[in-house]
Every structure is written in C-alpha cells, then in structure tokens.
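# Chains, contacts and geometry: an overview
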Amino acid sequence: MRVLCVAEKPSIAKSITQILSGGQYTTSNSANRYIKNYEFDYPQLGAHFTVTSVVGHLFEYDFGAQYKKWNSCDPFELFDAPVQHTVASDKADVAGNLRRLAPRHQELVIWTDCDREGENIGSEVVKVCRPANPAIRVRRARFSAIIAGQIHRAAQNTVELDMLQAASVEARSIIDLRVGATITRMQTLGLQRLVPQLKDQKLMSYGPCQFPTLGFVVSRYEQVQAFVAETFWFIYLTLTQPDRNNSTEFTWRRGRLFDREMAIALYEYVLEDAMATVTKVTKKNVKKWKPLPLTTVELQKSGSRLLRMAPKKILDVAEKLYQDGFLSYPRTETDIFDPQFDHAALIAKQTVDPAWGAFANGLQQGGYTAPRRGKMDDHAHPPIHPTAHAANLTGDAKRVYEFVARRYLACCSKDAEGFETTVDIVAGGEDFYASGLIVLARNYLDVYPYDKWGDKPIPDFAEGQRFMPTVCELRDGQTSCPNLLTEADLVGLMDKNGIGTDATIAQHIQTIIDREYVIPQKEGSTTYLVPSNLGIGLVEGYSRIGFERSLSKPQLRRETERMMVQVCNGTKTKGEMIDESVEQYKHVFVLARNNFNRIVESVRQYMLGGGAQRPNVDRGDGAPDDDADDDDDDAAGGGGGGR
C-alpha cells in the first residue's frame, strides 16, 4: 500500500520523515522551493510512505471580480454576495504537488496540527487530492509533540478527520470576510471623505476581534485620563524592640478611611489609651502553591511579563521549538496532564542540564509529586512541556525554552512550605495585626525563580502581652491611578472575554499595532499600550451610537466563538452559524451607517486634539481597576476587512 502523508509545514514533514524512516529515505523537489517530497518504506504497516507538506492554508475566501472595486456596490450587499473558495494564487504550486502525488497513492494521511485550524487545513488538502484520486482513503494522524513515540503511534493509529471542526473554521472565515469587508469599506470610505486628516489614510480596517481588542485598550486609557486621586487616612503603628534592628509594622484592620474627621476621631481614641494588648497569636503551616501546567494563554501572559517579549514573538519562538522537537505543541487550552502521562521519562531528559539538572535529579530521588489539575481540557493536546533537552540554544529560543522547562519541573515538584505567625492586637479600641513568615522548604521555588516567597521575621509575642508602640501616627495617602494596559494584561482580558483563541490572541494585538490604532510606549522595562487619536476616535464614535452590543465591545465576537463550539459539537450547522452571525452584524451595520455622523464627529474631535492627549500620557502607577487577567489573518478579501 502506498500512503501519502501531508504535514502543515515543511519542517514538520522532514521531522516526521526522519523519525518514521529511521533516517533512510529519498528526497525529491516539488515546484515550490520550500517543499520536498520524501519517500521510504514503513515496515510496521507494510507500506511505502511519501511525506510532503503544505505551507498553511491552501484556500482563500473572496468575493467575485464584480465586487473587487470598493465603489462597485453598496457595502451592505457584501453580507449576501457569493463567496468564492479557491486555491490561493500563491499556493497553486503547493496544490499542484498534491494533485500530482495523489493518483499514485491509495491512502491520504493528514498530519496537520491537531486543532481546529489544522482540521480545516486538512479538509483543504482533501479537497485538492480527491478530484485527482476519487478512491483515495482519508485518515488523520493525531500527535502533540515531534518525538519518536508519538509519531510512530500516530502513524499506526490513524483516526477520522474531524469535519465538524473544519466546518466551524470555514464558517468563521466566511463571517469574518463578510463583516470585515462590509464595515471596513463603510468606515474607510466615509472617513476619507469626511475627515480631511484621513483623506490619504489607505485603510481603516474593522475586524470582529480587532475592534473589541482595541476597545479594551481605549477603555483603560480613559480610566487613566479620568482618574482623580482621593486622599485617605490610616493609623500607622509600629514596635521596635531594643534587641532587634527591624520594626514590626502593624496594619490597621479598617485599612483606610476617606473621611478625615472620622479618622482623626479614631486616632485620638487610640492616643488616649495607646498601650497595645496582644489579643491573639495564630501560628500555622502554610503553602505557596506550585504553578499549574502551562497553557498557551499563560505562556503569553507570563512570558510577556517575565521575559519582556511580545506575545506574538513568544508564540513564534515556541512554534519553532516545537518544530525542532524541543517542545510539545504550543497551542493548547489544557492545564491538566493525563494521569497516564509519562513524567518520569521527561524529567530524566532534564537531568543533564547544568542549570536545573540537579533539581531534576532530585525529583527522581523522591522529590516528585503529580502536577496540579487545572480546570481546562481541550481534549486535543496536553499542557506545554519540554519534549527533549536542548543544550545549544541562544537568544530568545533559550529564554523561552528555559521558562517552559523550569515551569514543567516546578509542576512536578512539591509546593513550597512555610510557617506563618499572625499577631492581633488592640490599642485604644482599634484592631491591628502583623504577620511573619518563615520558609521551611522552598521545593519548587528552587527551580522556578519567577515566583518570590521569602522570610519575613516577626518577634515572639504572647497573648495578653502589653506594650507601648514605638510609633503611632495618623498618616495620609492618595489612591493610585490604574496602569495603562500591558500586552500581558490585554492577553488576559481577551481570554476572559472570549476574544480570539489561545492561538490567535497575539496576532490580534499585533494587528491593532500594525494598523496604528495602538502605539506601544516603553517606560523602563515595561511596554504600555496607548491608543492613537484615531483609535480613540473610532471606539468613542461607535460607543456614542448606543448599540445594545457595540462593535467595539466583546459580546458579538464572544457569541461567534460560542457558535463555533456548537458547530464542533454538532448542535449547530455551518450554515446556521453563518446566517445567525451575519444577521446580528447586519442589524449593527445599519445602525452604524444611519448614525455615521457620530463616528465622524468623534474622529474629528480626537484627530484635531479636542480629546485626550497622546502619546505623552501619564500611564498611571497603581493597580488596574478591572481584572486584567483562528489563525486569523486580516480577512481583507473583496477590498478590506480584518479580524
């Protein structure tokens, strides 16, 4: 039997070939200079294999030639215009290679990435091969890492291609084309005509993910701009003992008061009877939990915060490490390892590392405990983990690999253990407390320097003990302005609100930067996201219309993502998803067009400097007010649009 194997990328095709062939294979060129065709016998199945690849998606979605020119029709017509699904012009040689190979094989095995996008690319491969060989049998290889065991197992235990997942991606692509092109044309043509400062602006794209992402940035910016500091008061109480260099600071249980007269009255009560009495001493063992297994979103958030790398850059580096066989598949929502997962084999591979090898060896000698179990399981891929030891990496690849390796070893270690003492006192009828910590066993902290947990000594106190505070003062302070968003904050907000997928969030952030709706502003080692005047004007303009579900808010996109899950589960068809989503956007489009003057007024206001000032904005220096915790390239077909 002759088997044609098609991978998603040339590097994956070569890695699969090297593993399955044992290094014994022949190579021939294709019409595409990046794609090779590899042939070898695979005795385990008594088959002759040909392994080749595509380079991502083969097909593109677009409107017909009659809709190409931006003034060829009313933009609203694009909601219902016929959509053509054809091989992209720059992929003709890739498709030609598949058509040439297909007739010589009895079986086609899809080796694309095991996610929705991979299923869709696999379905495109089938669409190209089937006409060239209608009798070809289609199978799917499932794997999560480019390691020998998984690749052989995938080759010998193929499954059906998941056409429901493929259909959900196709539906999303069609929706994004229709919505993106329609609103982008209205927005770009209207603003070019009515706002003089924008007459030479080539493209002001709208995307169903792009604009809610921009909306988060603008919302935080406006919080910073509108912030007015408030003064508060608190009682500051400390004790310095003669035999100790450090003071023990007691925290007022009331925290802080914004009523100055009330604060003064309570402070005077304390001064009248300042002798403090220890009412309770609580001592207990405490733990600092080790981290959960690593997901794509957490890799982007932690990597952005700790490694100071853009989320898209982190994913690109992780993808290359996966292709080189050093990491598992880096696009996963799963933070639970299967109970049968072979941790011992992976830990053993890390024992040779000069930096953390001794720690890995300690895990083998009794330090291992099973990783924590999170709440997410996409039933496709395990959490991100190292699959081999990497000794000669440099630059960003080394930093990302080290983070993933240390995170994995920390997951397999024990929680850090400590002993905490809390002392409660009362002075003048007011309650205060102080806490101390002694770290008893660092455990996972020894390999995971990204978490901090250290000793905080506190003197011995006994219940009933009385003492006169060294300092008892009424102090004031001011509330802190929230920070502008960082990319790590934005990743968390997008994930929380269902904007994009774990694999595409980074691209959406990059898109609003590329469109110059948002400008990164570096302060020290931290990069903050500042909306441009155009970005603010657009978001504010849509907000002024008063949508029930605004184009710059996450509700509409969240609904699309929810329908994708329904298509994957078989409870909704591709056609139903497209129809329902397009109807929602039609309603919003009509409302936006009828009130487009509000968008124009808003953009004019900010472009003329009548709104907030940018970019020399005080980014804020406090905690954020809100929780900051598709291979969707811009769908610009038919003359505009974007995700």
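Provided above is the structure to which this section pertains.
Right, let's walk through the structure included here.

Quick notes on the rules
Residues numbered from 1 in each chain as written. Predicted model: local features only at pLDDT ≥ 70, side-chain atom pairs only at ≥ 80, totals over all residues. Heavy atoms only, no water. Pairing = 2+ DSSP bridges. Helix = DSSP H or I, 4+ residues; strand = E, 2+ residues; numbered from the N terminus. Axes fitted to C-alpha atoms, helices over the stretch in contact; angles between N-to-C directions. Contact = heavy atoms within 4.5 Å. Disulfide = S-S within 2.5 Å. Salt bridge = Lys/Arg side-chain N within 4 Å of Asp/Glu carboxyl O. Buried < 20%, exposed > 50% of the residue type's maximum accessible area, 1.4 Å probe, protein only.

## Examining the sheet that holds strand β1 (residues 2-7)
An order of β2-β3-β4-β1-β7-β8 is seen for the 6 strands of this open sheet, with the pairing classed as mixed. Looking at the sheet topology across the chains shown, the edges are occupied by β2 (26-29) and β8 (137-140). The average angle at which neighbouring strand axes cross in this sheet is 25°, direction not considered. In this structure, strand β3 (residues 36-42) lies alongside strand β4 (residues 47-53), joined through 5 bridges in antiparallel fashion. The residue bridging tyrosine 38 from the neighbouring strand is valine 51, located in β4. Against the sheet, helix α1 (residues 10-21) engages β1, β3, β4 and β7 (107-111), with an angle of about 20° to β3.

## Topic: the sheet that holds strand β14 (residues 466-467)
Taken in spatial order, the 7 strands of this open sheet run β14-β11-β12-β13-β10-β9-β15, and their pairing is antiparallel. Here the strands that pair on one side only, and so sit at the sheet edges, are β14 and β15 (471-478). Of the strands in this sheet, β9 (231-239), β10 (248-252), β12 (416-427), β13 (430-441) and β15 are in contact with helix α7 (residues 260-272), which crosses β15 at around 165°.

## Re the state of the cysteines
Under the counting rule described, the total for this entry stands at 0 disulfides. In this model cysteine 129 remains outside any disulfide bridge; the closest cysteine sulfur is found in cysteine 5, 12 Å from its own.

## Concerning the pattern of salt bridges
Enumeration over the complete set of coordinates arrives at 31 salt bridges. Residues arginine 140 and glutamate 119 are paired through a salt bridge, measuring 2.7 Å at the closest nitrogen-oxygen approach. Taken together, the positions of arginine 140 in strand β8 and glutamate 119 in helix α3 (residues 116-132) put the pair 21 residues apart, joining distant regions of the chain. Just as arginine 140 is buried, glutamate 119 falls in that class too. We note a salt bridge from glutamate 583 to lysine 586, for which the minimum N-O separation is 3.3 Å. You can see glutamate 583 and its partner lysine 586 sitting in helix α17 (residues 574-594), 3 residues apart, about one turn around the helix. Residues joined in a network through salt bridges with shared partners are Glu8, Lys9, Asp113, Glu319 and Arg331.

Shape is all these values report; function is a separate question.
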